[in-house]
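# Commentary on secondary and tertiary structure
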2 protein chains.
Amino acid sequence: MLPVKISTRGQYGVRAMTVLAARYGDGPIPVRDIAAAQGLSQSYLEQLLGPLRRAGLVRSVRGPEGGYYLASQPSEVSVGDVLRVLEGPLSPVDCVDEDSDPGLCSREDGCPARKVWVMVRDSVNRVVDSVSLQDLLSGEDLDGRRSVDGAASGSVL
Amino acid sequence: MLPVKISTRGQYGVRAMTVLAARYGDGPIPVRDIAAAQGLSQSYLEQLLGPLRRAGLVRSVRGPEGGYYLASQPSEVSVGDVLRVLEGPLSPVDCVDEDSDPGLCSREDGCPARKVWVMVRDSVNRVVDSVSLQDLLSGEDLDGRRSVDGAASGSVL
DNA sequence: GACAATCCCGAGTAGGTTAGTCAGGAAAGC
DNA sequence: GCTTTCCTGACTAACCTACTCGGGATTGTC
C-alpha cells in the first residue's frame, strides 16, 4: 500500500557509506565497525559491500587490520551513485527505465501517464545526484547545494 | 533489486483517471470501458476505484448507464492526489513519513542519511502535485507547468 | 607455518507484498 | 423482474525482501 520506497539495501548502503565518509583517511574499516556504527546486521551489510566494491565505490583490504574504505573523496561520491548500485535504475515505473527492454510498454508515446513518470524519474535522479556523502555529514541543511546548473533553488522541478 | 517503484495500483489508477479526464462531461463511464481503454483488468480496476471514490476524487452511478466520472475538473486533480489515495504517503523511507509513528527511527536527528530522504520525498511530492490530469492529456511536454512558485525551471530541486 | 582476522560468496528461507481472480450482494433503470 | 452496473470481501499464486548461515580465500602476525 505504500511502495514508493527505497529498500533497505539502498538505505543501509547509504548509511554505511556515510560511516566510511566520516572516517575517510583512517585506513580500512572492518564491516563489524560499520555495522555497529549504524546498528545494522553485519552479514547483511557484507552483501551490500560486495556490489559497492565491484562498482568501484569502495575498496577492500583483507586480513587483520583489513576492511573497507572509500575509493574517492566523500565530496566526489553522490547518494545517487550508491543507490543505483544497490537498487538498480532509479525509475518509478518500468516503462520509463532507459536501461530495460524498450518493448515493455506497448503504449509508448500514446500513454498519457508516461510524462509524469519521466518527470518523477528525472526529479529523483537530480536530487540524489546533487547530494554527496560530504553533504550528508555537514551539519547544515542543504536545499540547493551542489546545484547542477546556476538556476535559483525552489523551482518545482 | 529495483524497488524504487510505483506499484501497479498507482500506475493503473493514474491511467484510469486520465480516461475519465479525457471523457469529462460525457456522463458516467462504466468500468468495462475504462479498463478496455487502457488494457487493464476490469476486476482489478474495480478495486482501485473504490478508494478513489471514498476519497472523493470520482463519483459513481449504479445501474444501467452507470459508471464513474471525475468529481472535479481535470485541471483540478493532480497526479499526487491519485497516488496518495492508492499508494499511501509518497515517502521513500519510513523514517521521514510524517503520518507514521515518530518512534520508528530511533536515530532521528543523528542520522546523516535522513536529509537526503527528506529531499527525495519533497521533490517527488512537488512533481506529482504540480501535474494535473489535464496536463497529462495535453500534447505538449511539460517541464515547468503549474509551477508552484515563480522561480525559473531547471533548478536541481 | 600456524593462527586469527577479515573479506568474500553462494545457498537457503520465513514472512510479507503484489497483482490479481472470483463469487456474490446491492442499487437503479426498464 | 430482469439486466446492468457498482461494490465488497475472500482467496491465492508468485514474487520479493531481508535477512541468516556455512564455508572458502587472503593476508598479517607470531
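Anyway, here's the lowdown on the structure attached to this text. (Residues numbered from 1 in each chain as written. Chains lettered and ligands numbered in written order. Predicted model: local features only at pLDDT ≥ 70, side-chain atom pairs only at ≥ 80, totals over all residues. Heavy atoms only, no water.)

## Notes on the environment of Val4 of chain A
Note the following rule: Segments assigned H or I by DSSP are reported as helices when at least four residues long, segments assigned E as strands when at least two residues long, and all are numbered from the N terminus. Exposure is judged per residue with a 1.4 Å probe applied to protein chains only, and the accessible area is read against the type maximum: over 50% gives exposed, under 20% gives buried, and values in between give partly exposed. Any two residues whose heavy atoms approach within 4.5 Å at even a single point are treated as in contact.
Mapped onto the secondary structure, Val4 of chain A falls in the segment before helix 1 (8-22). According to the relative accessible area criterion, Val4 of chain A is buried, its value standing at 13%. Considered as a pair, Val4 of chain A and Pro92 of chain A are 88 residues apart in the sequence and their alpha carbons are 7.8 Å apart. Once residues lying within four places of it in the same chain are set aside, the contact partners of Val4 of chain A are Lys5, Ile6, Glu87, Leu90, Ser91 and Pro92 of chain B.

## Points about the protein's contact with DNA strand D
The cut-off we apply is this: The cutoff for a nearby residue is simple: one of its non-hydrogen atoms must lie within 4 Å of the molecule or strand. Pairs of N or O atoms within 3.5 Å make up the polar contacts considered here, provided that, within protein, one atom can donate a hydrogen while the other can accept it, and that residues adjacent in sequence are counted only when both atoms are side-chain atoms. Three categories are distinguished: nonpolar for Ala, Val, Leu, Ile, Met, Phe, Trp, Tyr, Cys and Pro, charged for Asp, Glu, Lys and Arg, and polar for the others, with Gly belonging to the last.
The environment of DNA strand D is made up of 28 residues, and the closest members are Ser41 and Arg62 of chain A together with Arg32, Ser60 and Tyr68 of chain B. For DNA strand D, the backbone portion of the atoms within 4 Å of the protein, that is sugar and phosphate, comes to 77%. One of the side-chain N or O atoms of Ser41 of chain A is found 2.4 Å from a phosphate oxygen in DNA strand D. Contributions of two or more residues to the surface near DNA strand D are made by helix 1 and helix 3 (42-54) of chain A together with helix 2 (31-38), helix 3 (42-54), strand 1 (58-61) and strand 2 (67-70) of chain B. For the surface near DNA strand D, the leading source of residues is helix 3 of chain B, giving four residues. In terms of residue class, the surface near DNA strand D is made up of eleven nonpolar, eleven polar and six charged.

## Quick look at the pairing of strand 2 of chain B
Residues and elements named next belong to chain B. Note the threshold: Two strands pair if DSSP finds at least two bridges between them.
Here strand 1 runs beside strand 2; their pairing, made up of four bridges, is antiparallel. By the bridge assignment for strand 2, Ser60 is matched with Tyr68. Hairpin connection between strand 1 and strand 2: a loop of five residues separates the two successive antiparallel strands, and Gly63 in this loop has a positive phi of roughly 80°.

## Concerning the pattern of salt bridges
Residue and element names in this part refer to chain A. The following threshold applies: Put simply, a salt bridge is a Lys or Arg side-chain nitrogen that is within 4 Å of an Asp or Glu carboxyl oxygen.
In total, this model carries seven salt bridges over all chains according to the counting rule given. With a closest N to O distance of 3.2 Å, Asp33 and Arg32 form a salt bridge. What makes Asp33 partly exposed here is its relative accessible area of 26%. Judged by relative accessible area, which is 51%, Arg32 ranks as exposed.

## Some words on the protein's contact with DNA strand C
The immediate surroundings of DNA strand C are formed by 28 residues, with Arg32, Ser60 and Tyr68 of chain A together with Ser41 and Arg62 of chain B found nearest. The protein-proximal atoms of DNA strand C, defined as those within 4 Å of the protein, are 76% sugar or phosphate. In the environment of DNA strand C, a phosphate oxygen lies 2.9 Å from a nitrogen or oxygen atom belonging to the side chain of Arg53 of chain A. Looking at the surface near DNA strand C, the elements that each hand over two or more residues are helix 2 (31-38), helix 3, strand 1 (58-61) and strand 2 (67-70) of chain A together with helix 1 (8-22) and helix 3 of chain B.

## Structural notes on the packing of helix 1 of chain B against helix 2 of chain B
Residues and elements named next belong to chain B. Rule in force here: What counts as an axis is a line fitted to C-alpha atoms, over the stretch in contact for a helix, and the angles between N-to-C directions run from 0 to 180 degrees. These descriptions rest on fixed angle ranges, namely under 35 degrees for roughly parallel, over 145 for roughly antiparallel, 65 to 115 for roughly perpendicular, and the rest for oblique. Crossings are classed by handedness, with left-handed meaning an anticlockwise turn of the near helix from the far one by less than a right angle and right-handed meaning a clockwise turn.
For the pair helix 1 and helix 2, interaxial distance at closest approach is 9 Å and the crossing angle is 110°. Taken together, the axis directions place helix 1 and helix 2 in an arrangement best described as roughly perpendicular. Every pair of crossing elements has a handedness; the one defined by helix 1 and helix 2 is right-handed. Taking contact as the criterion, the partners of Arg15, Ala16, Thr18, Val19 and Leu20 in helix 1 are, on helix 2, Ile34, Ala37 and Gln38. The residue inventory of the contact of helix 1 with helix 2, partitioned by class, reads five nonpolar, two polar and one charged.

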